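The chain contents come next:
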Amino acid sequence: MSETPREEAEHGYRRQLRELQIELVKFQRHLIKRGDRILVLIEGRDAAGKDGVIKHIVEHLSPRDTRVVALPAPTSRQQTEWYFQRYVAHLPAAAEFVLFNRSWYNRAGVERVMGFCTEEEIEAFLGDAPIFERMLVNAGIRLFKYYLDIGRAEQIVRLKGRRHDPLGQWKISPVDKAAVQHWADYTRARDEMLRRTHSPQAPWHIVRANDKHAARLNLIRHLLAQLHYRGKEKALLAFDPAIVFIFDEARLKDGSLAR
């Protein structure tokens with residue numbers, strides 16, 4: 001029996017994902033041998049697909065040398081610390097590959113929109129983040145920042161899906177409802193965050209993520225294309241520049257990002 005178009009597309013996606021996961025394993029073997037430090041920040045609105053991207057990146061990597069960091073809300077003590085302090089403890093050491101599922105950019109998004117910090121703290125963060133990241137890069141950490149961008153209609157569909165998925169109940173939070181209600185606020189916060197924290201040393205890359213499969217494949221291709229490792233199959237790493245692209249302020253006005 002011949003496959004349906006949907007089945008063919010799914011098999012094609014699985015095949016491409018497996019090929020890229022093999023490349024990730026090659027990269028990690030090289031990383032461990034060289035002792036480099038790789039840090040990847042995955043940001044985006046609620047339901048943008050951050051969990052899925054990270055899951056498929058780390059699925060076949062060494063758990064001893066790969067860490068996914070998804071910090072809970074800060075404790076009362078942590079709220080009195082230097083803002084970046086609790087993130088520093090999770091930075092990569094030699095031969096480590098670390099991915100942040102949300103990062104210090106919580107301050108520029110959720111904390112700002114939900115009123116969990118003051119405008120003075122926001123302003124300080126937006127000024128300090130590029131300096132902090134320049135310090136990381138100057139110290140030898142390879143830093144990659146990705147923002148997964150989805151449209152409002154797609155976000156609503158995904159958030160509704162969570163409520164009916166018995167395996168996705170852990171993702172449901174009061175912030176979900178606020179994500180839809182405060183769409184415009186999150187858009188303004190995103191725009192200012194990108195404008196003020198994009199830098200030559202630590203640029204933002206936007207991933208158009210309405211299509212989960214295309215977003216995952218192209219983000220992995222883009223990441224691997226920037227990394228050096230032996231045995232790289234360059235033909236597999238041609239990413240779609242309409243899906244993954246470097247941030248530029250003009251992108252805020254040309255329809256490249258959801259509004």
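See above for the structure.
Residues numbered from 1 in each chain as written. Predicted model: local features only at pLDDT ≥ 70, side-chain atom pairs only at ≥ 80, totals over all residues. Heavy atoms only, no water.

A. Region of interest: the pattern of salt bridges. As enumerated under the stated definition, the model contains 17 salt bridges in all. Put simply, Asp46 and Arg102 hold a salt bridge, and the shortest N to O gap is 2.9 Å. Of this pair, Asp46 sits in the loop between β1 (37-44) and α2 (50-58) while Arg102 sits in the loop between β3 (97-101) and α4 (110-113), and the two are 56 residues apart along the sequence. As far as the burial class goes, Asp46 and Arg102 line up, both buried. Of the charged contacts, one joins Arg112 and Glu119 as a salt bridge, the two residues approaching to 3.6 Å between their closest N and O atoms. Overall, the relative accessible area of 22% leaves Arg112 in the partly exposed class. A network of salt bridges, in which partner residues are shared, links Arg112, Glu119, Glu123, Glu192 and Arg196. (Salt bridge = Lys/Arg side-chain N within 4 Å of Asp/Glu carboxyl O. Helix = DSSP H or I, 4+ residues; strand = E, 2+ residues; numbered from the N terminus. Buried < 20%, exposed > 50% of the residue type's maximum accessible area, 1.4 Å probe, protein only.)

B. Up close: the environment of Gln85. Along the chain, Gln85 turns up in helix α3 (residues 85-88). Residues Gln85 and Ala202 lie 117 residues apart in sequence; the distance between their C-alpha atoms is 19 Å.

C. Layout of helix α6 (residues 152-164). If you check α6, its first and last C-alpha atoms are 19 Å apart, about what 13 residues at 1.5 Å a residue would give, namely 18 Å. Three or more residues of α6 are buried, namely Gln155, Arg158, Leu159 and Arg162. Here the buried residues of α6 occupy an arc of 100° about the axis, which is enough to place them on one side. Turned more than 90 degrees off the buried face of α6, the exposed positions are Ala153, Val157, Arg163 and His164. (Expected span 1.5 Å × (residues − 1). Arc of directions from axis to C-beta.)

D. Representation of the sheet that holds strand β4 (residues 141-149) within the structure. Reading across from one edge, β2-β3-β1-β4-β5-β6 is the order of the six strands in this open sheet, with mixed pairing throughout. The outermost strands of the open sheet, each flanked by one partner alone, are β2 (66-69) and β6 (244-246). Taken over all neighbouring pairs, the strand axes of this sheet differ in orientation by 20° on average, direction set aside. Where β4 meets strand β5 (residues 204-208), five bridges bridge the pair, whose relative direction is parallel. The residue of β5 that forms the bridge with Tyr147 is Ile206. Across the face of the sheet, helix α5 (residues 119-138) comes into contact with β1 and β4 while running at roughly 135° to β4. Running over the sheet, helix α9 (residues 212-226) touches β1, β3, β4, β5 and β6 and is turned about 160° from β4. (Pairing = 2+ DSSP bridges. Axes fitted to C-alpha atoms, helices over the stretch in contact; angles between N-to-C directions. Contact = heavy atoms within 4.5 Å.)

E. Looking closely at the pairing of β1. When you tally the buried positions in β1, you get seven out of eight residues, the bulk of the element. Bridge count between β1 and β4: eight bridges; the pairing is parallel. Pairing of Leu41 across the sheet is with Lys145, part of β4. By the bridge criterion, five bridges tie β1 to β3 in an arrangement that is parallel. By the bridge assignment for β3, Leu39 is matched with Val98.

F. Spatial organisation of the nonpolar core. Val40, Phe97, Tyr146 and Leu148 are the most contacted members of the largest nonpolar core, which has 34 residues in total. The set of elements that each furnish at least two residues to this core consists of α1 (5-34), β1, α2, β3, β4 and α9. Formed by 31 residues, the second largest nonpolar core is a distinct cluster that contains Ala108, Ile141, Tyr147 and Leu252. (Core = buried A, V, L, I, M, F, W, Y, C linked by side-chain atoms within 4.5 Å.)

G. Structural detail: the packing of aromatic side chains. Here the structure, examined in full by the defined rule, presents 17 aromatic pairs. Here the aromatic rings of Trp82 and Phe132 are separated by 5.9 Å at their centres, their planes lie at 80°, and the arrangement is edge-to-face. Of this pair, Trp82 sits in the loop between β2 and α3 while Phe132 sits in helix α5; the two residues are 50 residues apart in sequence, bridging distant segments of the chain. Here the aromatic residues Trp82, Tyr83, Phe84, Tyr87, Phe100, Trp104, Tyr105, Phe125, Phe132 and Trp204 are joined through ring pairs into a cluster of three or more. Here Arg45 stacks its cationic end above the ring of Trp183, 3.5 Å away from the centre of that ring. We note Arg251 situated over the ring of Phe245; from NZ or CZ to the ring centre the distance is 3.9 Å. (Phe/Tyr/Trp six-rings, centres within 6.5 Å; stacked < 30°, edge-to-face > 60°. Lys NZ or Arg CZ within 6 Å of the ring centre and 35° of its normal.)

Any functional reading would require information beyond the geometric quantities listed.
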